[in-house]
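# A closer look at the structure
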Amino acid sequence: MLLGKGWNRLENWDGTMTRWISNKATLSVYSGVAENAVLKLNACSLHSPKTLEVYNGKTLQSKQNISTNLSTVNIPVTLNQGKNVILLNVPEGTERPCDFPELKNNDTRKLSIAIQRVRLIHSPED
């Protein structure tokens, strides 16, 4: 699994490596066979809850609600044999930390969801 476009720089959150995405980010996944799997990750949204849509190519695999509290998300995906481009899409778009006075943060990046500990788990039925 390789990170594609749309990922911000690596950050250390109390010992856990974390990256923010903008409104779209991609992962490239190679699979030796067509199979069902689960994309497991920890995620939280910046300032307000967001929807995370997960596509393999143009096929919608799952929609997940991502809250502002860090939590584990299990996303079922169907992988094709060979290269798969997984798109993480946030239809609500991005927010900038500097636009929220209560955050007291001058960060001007356009962010939507923070993601950590991305894993791909083969489904038990395979």
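Structure's up top.
Just so you know, these numbers come straight off a predicted model, no measurement behind them.

### Comments concerning the overall build of the chain
Scanning the chain for helices and strands turns up 0 helices and 10 strands. Reading the secondary structure of the chain in the N-to-C direction produces β-β-β-β-β-β-β-β-β-β. Taken over C-alpha atoms, the radius of gyration comes to 15 Å for the chain, in line with the 14 Å a tight globule of 126 residues would show. Within the chain, the fraction of its 126 residues that count as buried is 43%.

### Digging into the pattern of salt bridges
Side-chain pairs of opposite charge can arise where the charged atoms are in close proximity. Applying the stated criterion across every chain yields a total of 5 salt bridges. We note a salt bridge from Lys63 to Glu53, for which the minimum N-O separation is 3.9 Å. Highlighted residues: Lys63 in strand β7 (residues 59-66) and Glu53 in strand β6 (residues 50-56), separated in sequence by 10 residues. Asp107 is paired through a salt bridge with Arg109; the nearest N and O atoms lie 2.7 Å apart. Like Arg109, Asp107 is buried. Put simply, Glu11, Asp107 and Arg109 are held in one network by salt bridges that share partners.

### Points about the nonpolar core
Ile21, Leu52, Ile75, Ile86, Leu88, Ile113 and Ile115 are the most contacted members of the largest nonpolar core, which totals 21 residues. Elements with a contribution of two residues or more to this core: β4 (24-31), β5 (35-45), β6, β8 (71-79), β9 (82-89) and β10 (113-122). Aside from chain neighbours lying at most four places away, what touches Ile21 is Gly6, Trp7, Asn8, Leu88, Val90, Lys110, Leu111, Ser112, Ile113 and Ile115. Core analysis: the next-biggest nonpolar cluster, separate from the first, contains 5 residues, Cys44, Leu46, Leu111 and Ala114 among them.

### What to know about the environment of Leu88
The topology assignment puts Leu88 in strand β9. Using a relative accessible area of 1% as the deciding quantity, one classes Leu88 as buried. In this structure, the C-alpha to C-alpha distance between Leu88 and Asp99, residues 11 residues apart in sequence, is 24 Å. If we skip the residues at most four places from it in the chain, Leu88 touches Trp7, Ile21, Asn23, Lys24, Ala25, Leu39, Leu52, Glu53, Val54 and Ile115.

Quick notes on the rules
- Residues numbered from 1 in each chain as written.
- Predicted model: local features only at pLDDT ≥ 70, side-chain atom pairs only at ≥ 80, totals over all residues.
- Heavy atoms only, no water.
- Helix = DSSP H or I, 4+ residues; strand = E, 2+ residues; numbered from the N terminus.
- Rg over C-alpha atoms; globule rule 2.2 N^0.38 Å.
- Buried < 20%, exposed > 50% of the residue type's maximum accessible area, 1.4 Å probe, protein only.
- Salt bridge = Lys/Arg side-chain N within 4 Å of Asp/Glu carboxyl O.
- Core = buried A, V, L, I, M, F, W, Y, C linked by side-chain atoms within 4.5 Å.
- Contact = heavy atoms within 4.5 Å.

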